[in-house]
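If you want the building blocks of each chain, they are given just below.
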Amino acid sequence: MSSTDQNWDCPNCSESIECQFDLCWNCGTEMPAEIARNLSEIDAEVEEAAEEPTAKPPAVRKVATTMGSGLPWSVLVFGFCPPVGLVALIYSVLAEISRIHHQRDLALDYSRRAASWQIVAFVVGSIALLMGFLFLVTRS
Ligand SMILES: [Zn+2]
């Protein structure tokens, strides 16, 4: 509900006045205090509603912090494939540091990089395992 949609009736001449005017255009009577108070309450509600989008960053930040740095996964792939896993581990640690310093965008960026390197480490580690297995099989 917008306050500009509302009219008030002049107590002196009964003229209907748009609420953005606080004087009656017909007789010059001031808007009654009660109406003025109601309108300012409505305005406060409108402002509150308008402020809601700016109230969202904390929620976004919460998502970012609960998303985490993927550190446990990085440790896991580091054990699985140390050369590539180390990169994932470094990015996870950087994400963790950024998260502690409330650098949300940086933390998100690092955790995404960590996640990518985790996948690479997992794939490379799997190939290495498979090749090692094939080597053992063909040798015997
Ligand atoms: Zn009037």
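Use the structure listed above.
Residues numbered from 1 in each chain as written. Predicted model: local features only at pLDDT ≥ 70, side-chain atom pairs only at ≥ 80, totals over all residues.

Draft legend 1. Inspection of the overall build of the protein at higher detail. Scanning the protein for helices and strands turns up 5 helices and 2 strands. Its helices and strands in sequence order give the protein the pattern β-β-α-α-α-α-α, from N to C terminus. For the protein, the proportion of its 140 residues judged to be buried stands at 19%. A sequence separation of at least 24 residues applies to 45% of the contacts in the protein between residues at least 6 apart. (Helix = DSSP H or I, 4+ residues; strand = E, 2+ residues; numbered from the N terminus. Buried ≥ 20, exposed ≤ 12 C-beta atoms within 10 Å, placed from the backbone. Contact = placed C-beta atoms within 7 Å.)

Draft legend 2. Representation of the nonpolar core within the structure. Ranked by internal contacts, the top residues of the largest apolar core, which has 14 residues, are V77, A88, Y91, A114, W117 and A121. Listing elements by their share of this core, those giving two or more residues are α3 (71–80), α4 (82–100) and α5 (104–139). Not counting residues up to four positions away in its chain, the partners in contact with V77 are G85, A88, Q118, A121, F122 and G125. (Core = buried A, V, L, I, M, F, W, Y, C linked by C-beta atoms within 7 Å.)

Draft legend 3. Molecular detail of the packing of α3 against α5. As a packed pair, α3 and α5 sit with axes 9 Å apart at the nearest point and diverge in direction by 25 degrees. Of the possible angle classes, the one that applies to α3 and α5 is roughly parallel. Of the two possible hands of crossing, α3 and α5 adopt the one that is left-handed. Taken together, the residues of α5 that come into contact with α3 (itself represented by W73, S74, V77 and F80) are A114, Q118, A121, F122 and G125. By residue class, the composition of the contact of α3 with α5 is 6 nonpolar, 3 polar and no charged. (Axes fitted to C-alpha atoms, helices over the stretch in contact; angles between N-to-C directions. Parallel < 35°, antiparallel > 145°, perpendicular 65-115°, else oblique. Left-handed = near helix turned anticlockwise from the far one by under 90°. Nonpolar A, V, L, I, M, F, W, Y, C, P; charged D, E, K, R; others polar.)

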